[in-house]
Amino acid sequence: MNIQYRVLSLLRENGPLSRAQLADRLEVPRPRLLGELDRMVAAGRVSEAGPAASRGGRRSTLVQLDPGLRFAAVDLGASSVDIEITDGALAPVASCSEPADIRSGPVAVLGRISELLRAMADQGHYTRLDAIGIGLPGPVSFREGIPVSPPIMVGWNRFPVRDTLARAHGCPVVVDNDVNVMSLGERHSGVAKTVDHLLFVKIGSGIGSGMQHHGRIYRGAEGCAGDIGHVQVEAETDGPVCSCGNTGCLEAYFGGAALARDATEAAESGRSPALAARLAERGTLTALDVAECASGGDSTSVNLVRAGGHRVGQVLATLVNFMNPSMIVIGGGLTGLGYPLLAEIRSVVYKRSLPLATGNLPIVMSELGPRAGVVGAAFLASELAYSEES
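Going by an unreviewed UniProt entry, the protein chain carries the name ROK family transcriptional regulator and comes from Streptomyces sp. 900116325. Recorded in UniProt under Sequence similarities (unreviewed entry), the annotation for the protein chain is "Belongs to the ROK (NagC/XylR) family."

*Asks:* Whenever I open this one, the pairing of strand β12 (residues 207–213) confuses me. Can you help?
*Replies:* On a regular strand, each side chain points to the face opposite its neighbour's, so the side chains alternate between the two faces of the sheet. Counting buried positions over the 7 residues of β12 gives 6, a clear majority of the element. As paired strands, strand β11 (residues 198–203) and β12 are joined by 6 bridges and run antiparallel to one another. For phenylalanine 200, the partnering residue across the bridge sits in β12 and is glycine 210. Counting the residues that bridge the hairpin from β11 to β12 gives 3 residues. Bridge count between β12 and strand β13 (residues 216–217): 2 bridges; the pairing is antiparallel. Counterpart to glutamine 212 in the pairing with β13 is isoleucine 217. Counting the residues between successive antiparallel strands, the hairpin from β12 to β13 contains 2 residues, one of them, histidine 214, with a positive phi of roughly 55 degrees.

*Asks:* Whenever I open this one, helix α12 (residues 339–352) confuses me. Can you help?
*Replies:* In an α-helix there are 3.6 residues to a turn, and that puts residues three or four apart on one side. When the terminal C-alpha atoms of α12 are compared, their 20 Å separation across 14 residues agrees well with the 20 Å that a helix rising 1.5 Å per residue should span. Listed in full, the buried residues belonging to α12 are Leu341, Leu342, Glu344, Ile345, Val348 and Val349. For α12, the angular spread of buried residues about the axis comes to 165 degrees, placing them on one side. Relative to its buried face, α12 has exposed residues pointing more than 90 degrees away, namely Tyr339 and Lys351.

*Asks:* What is the right way to read the packing of helix α1 (residues 3–14) against helix α3 (residues 30–42) from this model?
*Replies:* Describing two packed helices takes the angle between their axes plus the distance from one axis to the other. Orientation of α1 relative to α3, taken along the N-to-C sense of each, is 75 degrees, at an axis distance of 10 Å. With respect to each other, α1 and α3 are oriented roughly perpendicular. Along its contact with α1, which presents Ile3, Gln4, Val7 and Leu8, the element α3 presents Arg32, Leu33, Glu36, Leu37, Arg39 and Met40. Looking at side-chain class alone, the contact of α1 with α3 contains 6 nonpolar, 1 polar and 3 charged residues.

*Asks:* What should I look at first to understand the layout of surface pockets in this one?
*Replies:* Picture a little ball the size of a water molecule; that probe, rolled over the atoms, points out where space is still empty. In this structure, the largest pocket occupies an estimated 1200 Å³ of space. Of all the secondary structure elements, the ones that give two or more residues to the lining of the largest pocket are β4 (71–76), β5 (80–86), α6 (178–189), β12, α7 (250–253), α8 (256–268) and α10 (287–295). The element contributing the most residues to the lining of the largest pocket is α8, with 4 residues. Its residues assigned to classes, the lining of the largest pocket shows 22 nonpolar, 20 polar and 7 charged. What lines the second largest pocket is a set of 30 residues, and nearest its centre among them are Tyr5, Gly215, Arg216, Phe379 and Glu383. Looking at the lining of the second largest pocket, the element that brings in the most residues is α1, giving 7 residues. Among the residues forming the lining of the second largest pocket, the class breakdown is 13 nonpolar, 6 polar and 11 charged.

Parameters and conventions
- Counting of residues starts from 1 at the beginning of each chain's written sequence and follows it residue by residue.
- For this predicted model, a pLDDT threshold of at least 70 governs which residues receive local features, and a threshold of 80 or more governs which side-chain atom pairs are given and counted, while totals over whole chains, interfaces and linings are taken from all residues.
- In computing side-chain values, all of the structure's heavy atoms are included and hydrogens and water are not.
- UniProt positions are given in the numbering used here, feature names are shortened, and annotations may be inferred rather than shown by experiment.
- When accessible area is computed with a 1.4 Å probe and restricted to protein chains, residues below 20% of their type maximum are described as buried, those above 50% as exposed, and intermediate ones as partly exposed.
- Secondary structure elements follow DSSP: runs of H or I of four or more residues count as helices, runs of E of two or more count as strands, with numbering from the N terminus.
- Pairing between strands requires that DSSP locate at least two bridges from one strand to the other.
- What a helix should span is 1.5 Å times the count of its residues minus one.
- By definition, the arc is the one covered by directions from the helix axis to the C-beta atoms.
- For helices, the fitted axis covers only the stretch in contact; all axes are lines through C-alpha atoms, and the angles between them, taken along N-to-C directions, range from 0 to 180 degrees.
- In these notes the angle categories are as follows: under 35 degrees is roughly parallel, over 145 is roughly antiparallel, 65 to 115 is roughly perpendicular, and the rest is oblique.
- Contact between two residues is taken to exist if any of their heavy atoms lie within 4.5 Å; hydrogens are not considered.
- In this classification, the charged set is Asp, Glu, Lys and Arg, the nonpolar set is Ala, Val, Leu, Ile, Met, Phe, Trp, Tyr, Cys and Pro, and all remaining amino acids, among them Gly, are polar.
- Two kinds of site are reported from a 1 Å grid over the protein atoms alone, namely cavities, where a 1.4 Å probe fits but cannot get out, and pockets, open sets with protein on both sides within 12 Å along at least five of seven lines, and residues are called lining when an atom falls within 4 Å of a point.
- Grid points are joined across faces, edges and corners, and a volume is the space filled by probe spheres set on the points.

This is the structure we're talking about:
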C-alpha cells in the first residue's frame, strides 16, 4: 500500500501526528518518509502544524492534513438530497438539504446538485473540491459510476453520473448505492467504529443492506450484493407486486411504501379507528402515522410493525448464518418505528440463526441516523482522493 495513502488515512483518523509517530506507525525508513512528506506538502495535501511534544530529544514537527482540503458528500434519496462539505478529516464545514424528486430524471437532479454545490462555493465554503462522493437509491456499477436498471429511478439507467459530476466540478467522483455509503458512514463515525464484519440494513421506502468484510465493502461481481429487498419471503403469486416486477419480495411486504399501503387498507376497512381518523384528517397515511398510532396503543399499527419486523428478521437470520457478521446495524427512515421493530427483528434473528453466530451478535439502531449517508459519501470521496494522490 502506498506510503502517501497510508499517511493521509492516518491523519484523517487520528488528527495531527509527528514525523516520528508516522515513522513508527508506518514502519518505514525515516528518510523515505521525509521525502514523501515533502512531496505531499508541495502538492498541498499536508502541512506542518508546529512542534510535537518532546520525546526526550529534538522535538519532531507535527504534520496535519492541509486545512484547504475539501470533499463534497451527496446523499440522494427518492424524495430529498442532502449535501455536506467536509475538510480532509471529514469534519463538516457546511451543509444543505432540500426536497428532490428522483423521477424528474438525472439531468434535472444532477443539475440542481451542481447548482447547490456552486452556491456553497460562492458562500466561501470551498475554493476547489478534491473529490465528490455520492450515494444513489438503487443498484450501481461501482466500477463505471453509473446506476443500472434502478427500480425507482426512471430514466437513470446507465446515465454517466460520475462523469457528469466530474466534468461539472473538475474533480474525481465516486458513486455507490446509498446503503453501502451509509454502511461506511456508520463504521467511520457511528456505532460500528471497531467492527470489521458489519451488516448494515436500511429500512426506508425500500430495504437494502451493506455488507463489510474485514472493514471493506463487499459489492459482489457487478456491485449489487446486499440487495435483500428482493429476497422472496412469500411464495404466493397473487400478492403485491414489487417495484422490480416480481411478487413475494421482502420490499413488497415491508418498507415505507408497503407500510403506508397496508395502513391505508387497515384504515379504510375499519380495522384501525386510529388510522382511519388520521386518514380522514390528512388524506394519506405514512409510516410516521403508523409509528405514532402504535406508540399510542393502536393494536393494528403495532401488528403492522411486528409483521414487518418479523419478515425482515427472517431474511437477516439467513444472512447471519451465511456471513456471520459481528454486528447488525438498522438504519433508514423506518427506524422511527422504534423499539417494537427492533425487538421483533432481534427475536426472529436470535431464534432462527445458529447459536454460534448469534452468541455475541449485537443488533442495534444506527447511531448516525440520517447523517450516515453524507458521512459515508465523504469517506468514499476521501478514499478516492487519497488513493489518487498516492
